[in-house]
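Chain residues, written in single-letter form:
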Amino acid sequence: MKKKTAELVLLIFCITALLSGSGIAEGAGIITMQQEAEEQLQRELGAFEITANQREMAKANEAGYPVLDAGRGNPNWINTQARYAFTRFSDFATQECERDMSVGAMAGHAQKEGIGDRFDAAMNPENSTDAFLIAAVDYCVDALGLDKDSLLKELADAVIGDYYPSPSRCLPCTEVILNAYLQSTLYHGADLAGETMVFPTEGGSAAMVYIFDALSHNRLLRAGDQIAIGTPIFTPYMQIPSVKNYGLVSIDVTSTEAENWDIAETELAKLEDPSVKAFFLVNPSNPASHALSEHTLRRLVQVIEKNPDLIILTDDVYGTFSENFRTVYSVLPYNTILVYSFSKLYGVTGWRTGLIAMNQNNVCDRLLGELPEEDREFLRNEYAIVTSEPDEMLFIDRVVADSRSIGLYHTSGLSTPSQVFMALMSLTHLIHAEEDPYIRLANETVHARYTALMTALSLPADDSDQNAQYYTLVDVLALAESHYGTDFAAWLTESRTEIDFLNDLAGKKGVVLMYGPGFSAPEGTVRISLANLNEEDYVEIARRLFELLEDYAVEYEQEAMKDAA
Ligand SMILES: *Cc1c(COP(=O)(O)O)cnc(C)c1O
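The rules behind these values
Here the residue index of a chain counts from 1 through its sequence in written order. Where local features are concerned, this predicted model is filtered to residues with pLDDT of at least 70; where side-chain atom pairs are given and counted, the filter is 80 or more; whole-chain, interface and lining totals use all residues. To get the side-chain values, take all heavy atoms of the structure and skip hydrogens and water. The helix and strand labels rest on DSSP assignments: H or I over at least four residues marks a helix, E over at least two residues marks a strand, and numbering proceeds from the N terminus. Only the C-alpha atoms count toward the radius of gyration. The rule for a globule is 2.2 Å times the residue count to the power 0.38. For every residue, the accessible area (1.4 Å probe, protein chains only) is compared with the maximum for its type, and the residue is labelled buried under 20%, exposed over 50%, or partly exposed between those bounds. In protein, a polar contact means a hydrogen-donor-capable atom and an acceptor-capable atom, both N or O and within 3.5 Å, with residues adjacent in sequence counting only if both atoms are side-chain atoms; elsewhere, any N or O pair within 3.5 Å suffices. Whether two residues are in contact is decided by their heavy atoms, any of which lying within 4.5 Å being enough. The criterion for a residue being near a molecule or strand is simple. One of its heavy atoms has to lie within 4 Å of it. In short, Shrake-Rupley with a 1.4 Å probe defines the accessible areas, and a residue's cover is counted only from the protein chains shown. Residues are grouped as follows: Ala, Val, Leu, Ile, Met, Phe, Trp, Tyr, Cys and Pro are nonpolar; Asp, Glu, Lys and Arg are charged; every other residue, Gly included, is polar. One bridge is not enough; two strands pair if DSSP finds at least two bridges between them. Axis definition: a line fit to C-alpha positions, over the contact stretch in the case of helices; interaxial angles, taken between N-to-C directions, run 0 to 180 degrees. Oblique is the label for any angle not covered by the other classes, which are roughly parallel (under 35 degrees), roughly antiparallel (over 145) and roughly perpendicular (65 to 115).

(A) Inspection of the overall build of the chain at higher detail. Helix and strand counts for the chain stand at 22 helices and 14 strands. Compactness check: the chain gives a C-alpha radius of gyration of 26 Å against a globular reference of 24 Å for 565 residues, within 12% of the reference. With respect to the principal axes defined by its C-alpha atoms, the chain has extents near 95 × 60 × 50 Å. In the chain, buried positions account for 52% of the 565 residues.

(B) Quick look at the side chain of N61. Counting through the fold element by element, N61 comes out in the loop between α3 (47-59) and β1 (68-69). A residue is classified by how much of its surface remains accessible, and N61, at 6% relative accessible area, is buried. Side-chain polar atoms of N61 contact the backbone oxygen of A58, separated by 2.9 Å. Of the polar contacts made by the side chain of N61, one reaches the backbone nitrogen of G64; its length is 2.9 Å. Every residue in contact with N61, bar those within four places of it in the chain, is listed here: A506, G507, K508, K509 and G510.

(C) Structural detail: the site of the ligand. Around the ligand sit 14 residues in total, of which G204, S205, D315, S341 and K344 are the nearest. A distance of 3.2 Å separates an oxygen atom of the ligand from a polar atom in the side chain of K344. Here the ligand loses 94% of its free accessible area of 390 Å² to cover by the protein chains. No other element matches the 3 residues that helix α9 (residues 203-217) contributes to the shell around the ligand. Classifying every residue of the shell around the ligand gives 5 nonpolar, 6 polar and 3 charged.

(D) Layout of the sheet that holds strand β5 (residues 226-231). Taken in spatial order, the 7 strands of this open sheet run β4-β10-β9-β8-β7-β5-β6, and their pairing is mixed. Edge positions in the open sheet fall to β4 (196-202) and β6 (249-254), since each of these has one partner strand only. The mean angle between the axes of side-by-side strands here comes to 20°, regardless of whether they run parallel or antiparallel. Set on the sheet, helix α8 (residues 172-186) makes contact with β4, β9 (336-341) and β10 (353-359); between it and β4 the angle comes to about 100°.

(E) Molecular detail of helix α16 (residues 395-402). Within α16, 8 of the 8 residues are buried, leaving the element largely enclosed by the surrounding structure. Contact partners of the buried residues in α16: β4, α9, β9, β10, α14 (363-369) and α15 (373-383).

(F) Seen up close, the packing of helix α7 (residues 148-160) against α8. Packing of α7 against α8 leaves a shortest axis separation of 8 Å and a crossing angle of 100°. Put simply, α7 runs roughly perpendicular to α8. From α7, S150, L151, E154 and L155 reach across to α8, where they touch P172, C173, T174 and I177. Partitioned by chemical class, the residues of the contact of α7 with α8 number 5 nonpolar, 2 polar and 1 charged.

(G) Seen up close, the pairing of β10. By the criterion of burial, β10 is predominantly enclosed, with 7 of the 7 residues buried. Both faces of β10 are covered, namely the face carrying T353, L355, A357 and N359 and the face carrying G354, I356 and M358. Note: β4 against β10, 7 bridges, orientation antiparallel. Bridge pairing in β10 links V198 to A357. Taken together, the 4 bridges between β9 and β10 define a ladder with antiparallel strand orientation.

By themselves, these figures tell us nothing about what the structure is for.
Pasting the structure below:
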């Protein structure tokens with residue numbers, strides 16, 4: 001299949017070459033073309049597919065080293081507190097159902113009447129999991145003002161999963177908890193919890209898909225519209241606008257290392273053009289792992305003065321890894337749709353838990369009201385099957401409806417046990433009046449690995465607040481140059497593509513890293529994930545990387561000697 005694509009690309013190259021009259025007959029020309037075709041294929045293959053090949057090569061590496069795979073962002077830690085609490089609470093809720101009716105393996109539903117008292121009686125404050133659940137419920141009642149029986153009934157039904165999610169968008173007490181979590185971790189003091197609507201989804205990935213679908217279906221983004229993408233960016237995201245035939249034209253708003261991975265003024269200025277309808281970013285970014293500076297956030301506020309209809313879509317999954325993080329949503333709540341995922345911080349990639357958050361007062365709802373009458377008529381008909389007042393339907397509710405092709409709106413929404421799990425993860429954070437020790441630990445964990453790696457690579461560490469240190473981009477060519485000189489680096493550029501280098505690193509040394517240009521990062525860069533290996537492994541990765549450069553240096557010197565002879 002891949003081979004076929006390569007051949008097809010080669011064929012197109014040949015035809016193009018013939019048409020343009022260039023010398024296809026020369027053997028050397030064909031080789032160059034084949035190389036070009038392969039490079040083109042590599043560019044089209046996402047960084048993730050390239051790494052899949054290298055993972056195979058690494059297994060049979062020539063040195064016989066144990067494989068070190070720092071490619072994926074899946075963390076190698078999990079949060080235990082939320083998991084223990086989930087099973088404990090699930091047992092409590094099952095017993096509540098048995099109180100209602102119990103015959104063999106069959107039970108009834110949890111009942112609200114007196115559930116708070118029964119919860120108090122069932123929990124043992126001496127047990128750490130029970131103590132957490134007690135503290136969590138107390139927090140919800142005292143700090144969030146939730147009614148204890150209503151909360152426990154909602155959570156009990158939800159963890160049992162014996163009712164469809166209702167309302168579909170988000171369970172009510174759960175929404176209050178999620179809002180408090182987002183406010184505490186991402187808003188940097190801005191008080192928006194009371195005015196934010198949340199839609200829990202099957203991870204951040206589903207959130208993105210749902211948002212793009214709904215923006216396109218609701219004609220807020222149309223074929224031919226320009227959308228700006230903050231690059232370098234998580235590869236699959238780069239492909240969304242083109243792959244699904246939305247016909248969107250994407251322009252890059254690029255961050256560079258020279259700007260410490262912040263967005264330069266000239267790039268920000270692109271967003272002031274009203275023909276740019278949306279700006280899509282990951283903050284802190286992936287792969288560069290940096291959060292936007294206060295200065296850039298202030299500039300974005302000015303951008304909106306020039307382009308007030310701009311829809312900003314921000315994925316803040318790494319927000320808790322950056323000190324004093326501040327989301328774009330907290331400075332521009334009207335224009336921003338926020339996506340968050342629990343996947344990384346809590347080690348729950350298999351759970352698929354993420355969310356969409358939007359302000360009650362938002363640009364999407366205004367733009368829906370300003371659509372031409374023919375579009376409004378089209379959308380009225382679309383949503384009439386699920387609401388008697390389709391014109392009044394909020395954008396976020398349309399996102400929910402569209403996630404199940406509108407027709408199945410009544411069975412939409414995230415599975416209720418997943419919603420409980422999200423609430424519990426949030427509460428492990430919220431119960432701490434001061435610093436959350438778990439978030440501190442996660443940050444210290446990646447920080448120690450980052451420090452070990454940078455020290456072993458003899459590279460300066462960037463310990464600024466903005467650096468989330470979940471990933472780092474390393475410029476291998478710069479490393480080759482600083483250790484072996486300019487001539488060697490030039491030779492390396494000539495004799496090896498970056499993919500060759502990554503293949504050698506995998507096939508010869510058993511190390512899997514990710515291809516930076518696959519994320520639109522500069523040529524010569526590799527992404528190293530600091531989430532999925534232990535500290536000493538990063539020292540070993542650096543050692544093997546230098547070992548490979550050393551092998552290349554030997555080859556380079558042999559060639560140089562041959563040339564001299
Ligand atoms: C890992 C990651 C996520 C998490 O996605 P899920 O679907 O929630 O697992 C989201 N955004 C970015 C940029 C990521 O790197």
